[in-house]
Structure formats: structure tokens, C-alpha cells
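Below, each chain spelled out in residue letters.
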Amino acid sequence: MCGIIGYVGKEPAAPKLILGLKRLEYRGYDSAGIAVRGKEGFSVYKRKGRVSGLESAKDLTGGCGIGHTRWATHGEPSERNAHPHIYGKFAVVHNGIIENYRELKEECRARGEEFASDTDSEIVAHLLAFYDGGNVLAALKTVCARLKGSYALAVMCSDGEDALYVARRKSPMIVGKGETGLYAASDVPAVAECGELYSLADGEFAVLKGGDIRFYTAEGEIRKEKMARGSAEDIPEKGGYAHFMLKEMYEIPASIANSLVDFEENSRFLAFNIVLCHTEYIQIVACGTAYHSGIAAKYAIERLARIPVEVTVASEYRYCNPIVKENTLVLAISQSGETADTLAAATLAKERGATVAAVTNVRDSSITRIAHFVLYTNAGREIAVAATKSFNAQLALLYSIAVALATAKGRAARFEALRVLPSLSAQTLAGIEEIKKVVPLFAEADSVYFIGRGADHCAALEGSLKLKEISYLPSEGYPAGELKHGTLALIGEKTPVVAILTQRALAEKTMNAVSEVYARGGKVLLVTNIPELAAREEVFESVLLPACEELFSPILSVIPLQALAYYTAVFRGNDPDKPRNLAKSVTVE
Ligand code: AGP
């Protein structure tokens, strides 16, 4: 989603802003811009499209500037809607959504002010000009008190000394000290050179000036602890792979190994284990890929621990007046830990009395401040917009929870069945290039369908989402039994259908659906761990998976589906790392 970078220091700001924006490109955006403070006021460069369009601004002089990558919410992607927004002596970049911008705009228009963009963000510059009484921090505090919604803001002023003013509510903002100056950014990779980093909490402000950073709340100045630094701040490298997505797929075995937790063995999880003993109901809230891992968790938890699990898309949970019974555990799953809908759902669940455990891949992300317990997947930073290794890592952790819940309830479940998953995933990965032989069929299709029953249903949904996201092919995933209730009408000569079949007890039932597709001329790609099925005449092509505990098979079966999406996207000339219109973390509602 949108990205922010700011710099104030001894060196020219422009190259640092452009570099920072390049490092934020993976978040997804459709326009970019920078503003640098010079002797004659601001120099502003904005471009629709890629950050590389800003290269001509590199020679600007001036050691104070702000930059932004915009993912359009209010107003089309265009230069006039790109940030920074300038009004009077203020330049502003904003992440988030100002929900009451319409009424605030009316107020400004009534004073005769005109707006240069269609965005909600521009209102901040107008209000700063209105409330400016010579103290920029005071004006910013007053403006923030008037805003409804979410924001990370970086502001600079064309008069006075070089300085940046930043604020945060429900949208990440960090500040840091580097060798040549001070930085502000929405995400760590943008400021990887900083030796010291500080993460702002909701309601906090910072002023970056004269080589020093000072922190404030609405009430007054505060002290802040430095952020602990881990591998998260590493500058992303493709490491010889053509794309981050491919590299991240090859990191799946390590991400599974690092995310499995033997809760019984690990005393760090004692308190969580006690919660598991008392848990009678589970609700899972998540979006997109994380929602699909929730569906896999439902199958595993209900089967192993016999505890009822409800999986709800987070954006629905928050508005469905959810019933939270006593002893309910809510698992809020979010790779980024910043998805606005998941944060809101987790907050609501907590207010209604649930114990909330966050499953996230990002240390210190916003969801970790909401949840009672934080369970980290250790997949490492994921750069490609399409989630791959983080999904497998989520499954590893959620299956670990299923085993722990079963044990807590006195039911038989073996953690050992999970220990083999890293090596089985490596075996699966070793064969992924095979999938290339069906890519031309898929790449030219009008639409593609994915079907699976039981535990295989989640892989069908995730395979379909991956294909949509990066190949832009219309695609749907269904429980296999649903095909005949409508979708069969869409199957014709050469329609590709991916059938995932790893549950022996359900094999013949799913093969019925395969036969129905074959009878109508459709081409079935069977992803299975049952070798004899691959030889059936109804099967056009097959991928044979290594045998594993059936309940956990989605962690393997999704791998060829991720590969299918990747190679199809590349075949169609798309950039799989930066799909159009999509963002890595969706920080707006
Ligand atoms: C996955 O490929 C997608 N980019 C998207 O569906 C994603 O999973 C969803 O936005 C949720 O993100 P989160 O896990 O960071 O909360």
C-alpha cells in the first residue's frame, strides 16, 4: 500500500528519497512523488507509474524532503493526486484514509480555499495552514485531533529551519538516525541504513530537527525506547532469482521449519498452553491468503481437537455483530500484522471478551499490540505481493496449534507428523518446473477453476487466488461437490480445471467431479499424492506429491499451485512481484 519516506540531514535529500521509495515499491503503488525544501520554497516532482520516473529529480539540492508512493483510494492514479500535497507553506505525505475529509473540505471551501487534487490527504495541508500559529508541532496536533480515520503523516514547512514533523494513528510510522541525517518512513527497508530506529505508537508525534529526534503525545514530550533490530530491516535482495516470488517459494522449507512450534516442549508458551486447555470455541479472522490458512486450520483443529472453529473474513466479522461466548479463543491471522480489517476484527473480539492470539510474520507490527498472545511465523520478510512462503509458514504454525489443542484436550495427536514437512516441501519444490508444460493451456484460457474437498478445499481457494492476483486470469476455487451446482455450466472445450486430491477417503467423490469436467471437454490438472489416480484417462496432466499425513497435505499441495500462478504470470508477460492494483499490506478499510 502507500509508502512514506522523509529525510533531513547533511546530504542532498532527493537521492535518499528516491532510494527509499524504490525500497518501498514492493508494497504496491500506482504513482509516486517527492518534495525537497530549497531556498526558493519546495521543488515538487510527481509521476504516475513507477518510482523510476522520478530519476530526473535526483540532482535537486536541499537537505530536507519527503516522498511517497501512492495506492489510489480517493481519486484516480494521476500526477495531480500523487503526494506530496502542498498548500501554503506546508508539504504533506499521508498513508491511510481521512474518513471525514468531505466535511473538512467543505469547511475549507467555505473559507474560499481551492483544492488541487481529489484526495482525502490534501485536507491535512489546508488544515495545517489554517491552524498555523508559528508552531508547526502545535498545528499538527490540532489538525490530528480533527481527523477521523487512519494516518501516518510526514510534514515539512517551507520557512524556518530544516525539519520534519510526523504523526501516526492506525498506520505504521518509524523514525531513525542514520550517519548523515534523520529519516522517517512507513516501513523499515526504506531506512535500512539507520543505526537507531523508533516506532511511533498511535497518538504519537515526532520532530526531526538539528540531528535530533524528539517524541510527543498530545499531552507533552515523552521518551521512547529504540526498536529491537532483527533481520527484518535487511534490504531485500533477489539472490539470483528472477523474481522475489520465486525466491520466496524456494524459502518454503525453511519457513515451515522455523514456524513449527512444539508447544508442549516449549516453556515460553506455557501461558498460551493454559489458554488452550480452557478453549471451548475458536473464531478465526483474517483476509485473503491468511483467510485460506484459517480454513486449513479449521479442518485440522476440528478433526484433531474436536473444538468448533468458525472462520470469518475479517472485513465481515467487524460488521456482523459477532457472538463471542465464554472461553472463546480468537486467532487473528495476518502476515503483515497491519491489515486494517484484521486489526479491527481483533480489536472487536477483544472488546467482546475473547482471548486474542495474533499469528503474524512481522515483529512489532500493529496486531502485536492488540493481541493477548503473539505467535510469530518465522518465514522471513516477504517482498512479493503474492503471499507464498508466509502461507506455508502460517499452516505450519496453525497445525502446531491444532496438535497442541488436541493434546490439551487429552486427544491423540502427534507433533512428529509435522517434523517431516520441511523435507517433504523441499521434495515438492524440486519438481515445480514440471508445471511449465501446462502453462500455455492455462495462459490462454478464458477462466480457470480449482476444486478440492475437505482439507483440499483451502488449497483450491489459495491456488485460485494466486492465479488471479498475478496472471490476471478470471478464476474460482470451490469445494469439489459444488461444481455441479452451477459452475459446471462454464466448463467447455479445453477449460482448465485444477483438482486437488490428497484425501484418500474422498478420492472417488472428487474423481466424480473430474469425470464430469472430462465429459464436457475440460482439461484436468490433478494434484495428488495417490499415484494410481494420475493414470486415469480423465486426467490431462498430473503433479504427484510426496505422501504425508493427509490432514496436513495443503502445505504441500499449494506449492505446485503457487508455481502454476508464477509461471503463468511470467508467460503472460506480467511482473509477478508487483501485480496491478494490489498492495502488500492493505492498511485501509
Ligand atoms: C496474498 O497473496 C494477498 N496479497 C492478500 O490476499 C493478503 O493475503 C491479504 O491482504 C492479507 O494480508 P495479511 O496476511 O498481511 O493480513
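Numbering of residues starts from 1 in each chain and follows the order in which that chain's sequence is written. It should be noted that, the model being predicted, local features are given only for residues of pLDDT at least 70 and side-chain atom pairs only at 80 or more, the latter also being counted only at that level, while totals for whole chains, interfaces and linings use all residues. By convention in this description, side-chain values take in all heavy atoms of the structure and omit both hydrogens and water.

1. Looking at the overall build of the protein
Note on conventions: DSSP H or I runs of at least 4 residues are helices, E runs of at least 2 residues are strands, and numbering of each starts at the N terminus. A tally of regular secondary structure across the protein gives 19 helices and 24 strands. Taken over C-alpha atoms, the radius of gyration is set against a globule rule of 2.2 Å times the number of residues to the power 0.38. Computed over the C-alpha atoms, the radius of gyration of the protein is 25 Å, within 12% of the 25 Å expected from 2.2 N^0.38 for a compact globule of 589 residues. C-alpha extents for the protein along the principal axes are approximately 75 × 50 × 45 Å. Using a 1.4 Å probe on the protein chains alone, a residue whose accessible area is under 20% of its type maximum counts as buried, one over 50% counts as exposed, and one in between counts as partly exposed. Burial analysis of the protein (589 residues in total) assigns 60% to the buried set. What makes two residues a contact is simply this: any of their non-hydrogen atoms within 4.5 Å. Contacts in the protein between residues far apart in sequence, at least 24 positions, make up 71% of those at least 6 positions apart. Carbon and sulfur atoms make up 48% of the accessible area of the protein, which totals about 22600 Å². Charge centroids of the protein, computed over 66 positive and 71 negative side chains, lie 1 Å from each other. Each accessible area is a Shrake-Rupley result for a 1.4 Å probe, and residues are judged covered by the shown protein chains and nothing else. For this count, His and the chain ends are skipped, Lys and Arg are scored as positive, and Asp and Glu as negative. Every charge is mapped onto a representative atom, which is NZ of Lys, CZ of Arg, CG of Asp or CD of Glu.

2. Re the domain arrangement of the protein
The source of the domain bounds is an automatic or database domain assignment. Domain boundaries in the protein define domain 1 (3-232), domain 2 (240-419) and domain 3 (432-575). Each of domain 1 and domain 3 was reduced to a C-alpha centroid, and the two centroids are 45 Å apart.

3. With respect to the pattern of salt bridges
The salt bridge definition used is simple: a Lys or Arg side-chain nitrogen within 4 Å of an Asp or Glu carboxyl oxygen. According to the stated counting rule, one finds 31 salt bridges in the structure shown. Between aspartate 118 and arginine 80 there is a salt bridge, with its nearest N and O atoms 2.8 Å apart. In this pair, aspartate 118 is assigned in the loop between α2 (101-110) and α3 (122-131) and arginine 80 in the loop between β4 (64-70) and β5 (85-87), connecting sequence segments 38 residues apart. With relative accessibility at 34%, the residue aspartate 118 sits in the partly exposed group. A salt bridge links lysine 389 to glutamate 251, with the nearest nitrogen and oxygen atoms 2.7 Å apart. One end of the pair, lysine 389, is in helix α12 (residues 389-408); the other, glutamate 251, is in the loop between α5 (244-250) and α6 (252-259), and 138 residues separate them in sequence. Residue lysine 389 is classed as buried on the basis of its relative accessible area of 2%. Salt bridges linked by common partners bring Glu107, Arg111, Glu113 and Arg146 together as one network.

4. Digging into the packing of helix α16 (residues 456-471) against helix α19 (residues 554-571)
Inter-axis angles, ranging from 0 to 180 degrees, are taken between N-to-C directions of lines fitted to C-alpha atoms, where helices are fitted over the stretch in contact. For the pair α16 and α19, the least separation of the axes is 9 Å and the interaxial angle reads 20°. Classified by the angle their axes make, α16 and α19 are roughly parallel. When you trace α16 past α19, the crossing you get is right-handed. Taken together, the residues of α19 that come into contact with α16 (itself represented by Cys458, Ala459, Glu462, Gly463, Lys466, Leu467, Ile470 and Ser471) are Pro554, Ser557, Val558, Leu561, Gln562, Leu564, Ala565, Tyr566, Thr568 and Ala569. Taken together, the residues that form the contact of α16 with α19 break down as 11 nonpolar, 5 polar and 2 charged. Roughly parallel refers to an angle under 35 degrees, roughly antiparallel to one over 145, roughly perpendicular to one between 65 and 115, and oblique to any angle outside these ranges. With the far helix as reference, a near helix turned anticlockwise by less than a right angle produces a left-handed crossing, and one turned clockwise produces a right-handed crossing. Residues are grouped as follows: Ala, Val, Leu, Ile, Met, Phe, Trp, Tyr, Cys and Pro are nonpolar; Asp, Glu, Lys and Arg are charged; every other residue, Gly included, is polar.

5. Let's talk about the packing of helix α8 (residues 288-305) against α16
Each pair of packed helices gets described by two things: the angle between the helix axes and the distance between those axes. For the pair α8 and α16, the least separation of the axes is 8 Å and the interaxial angle reads 170°. Relative to α16, the element α8 lies roughly antiparallel. Here α8 contributes Gly288, Thr289, His292, Ile295, Ala296 and Tyr299 to the contact with α16, which in turn contributes His457, Cys458, Leu461, Glu462, Leu465 and Lys466. Looking at the contact of α8 with α16 residue by residue, the class counts come to 6 nonpolar, 4 polar and 2 charged.

6. Comments concerning the sheet that holds strand β8 (residues 163-169)
The 7 strands lie next to each other as β5-β6-β7-β8-β12-β13-β14, forming an open sheet whose pairing is antiparallel. Pairing within the sheet leaves two strands with one partner each, and these edge strands are β5 and β14 (221-222). Strands qualify as paired when DSSP identifies two bridges or more between them.

7. Thoughts on the packing of aromatic side chains
Between rings of Phe, Tyr and Trp, where Trp is taken as its six-membered ring, a pair exists when centres lie within 6.5 Å; planes separated by under 30 degrees are stacked, by over 60 edge-to-face, and by other angles tilted. One pass over the full model with this rule turns up 9 aromatic pairs. Each ring, one from phenylalanine 263 and one from phenylalanine 269, has its centre 4.9 Å from the other, and the planes form 65°; the classification is edge-to-face. With relative accessibility at 1%, the residue phenylalanine 263 sits in the buried group. Considering the side-chain rings of phenylalanine 263 and phenylalanine 272, the 5.6 Å spacing of their centres and the 45° angle between planes classify their relative orientation as tilted. Any Lys NZ or Arg CZ found within 6 Å of a ring centre and within 35 degrees of that ring's normal is scored as a charge over the ring. Over the face of the ring belonging to tyrosine 7 we find lysine 16, whose NZ or CZ atom lies 5.4 Å from the ring centre. The ring of tyrosine 472 carries the charged tip of arginine 580 above its face, separated from the ring centre by 3.9 Å.

8. Regarding helix α7 (residues 270-278)
Along α7, the residues that are buried comprise Phe272, Asn273, Val275 and Leu276. An end-on view of α7 places all buried positions within 155° of arc, on one side of the element. Counted as exposed and oriented over 90 degrees from the buried face of α7: Leu270 and His278. Contacts from the buried residues of α7 go to β17 (328-334), β18 (355-360), β19 (373-376) and α12. Arc definition: directions from the helix axis to the C-beta atoms.

9. Some points on the site of the ligand
In the region of the ligand, 15 residues are neighbours, and Ser334, Gln335, Ser336, Thr339 and Glu469 sit closest. Polar contact is the term for a pair of N or O atoms within 3.5 Å; when the atoms are in protein, one must be able to donate a hydrogen and the other to accept it, and sequence-neighboring residues count only if both atoms are side-chain atoms. Valine 385 is positioned with one of its backbone polar atoms (N or O) 3.0 Å from a nitrogen atom of the ligand. With the chains in place, 90% of the 410 Å² that the ligand exposes on its own is no longer accessible. When its residues are assigned to classes, the shell around the ligand shows 7 nonpolar, 6 polar and 2 charged. Residues are labelled near a given molecule or strand when at least one of their non-hydrogen atoms is within 4 Å of it.

10. A few points about the pairing of β4
Most of β4 is tucked away: 7 of the 7 residues are buried. Neither face of β4 is exposed, since Cys64, Ile66, His68 and Arg70 on one face and Gly65, Gly67 and Thr69 on the opposite face are all buried. Relative to β4, strand β1 (residues 3-9) is paired through 6 bridges, and the arrangement is antiparallel. Bridge pairing in β4 places isoleucine 4 opposite histidine 68.

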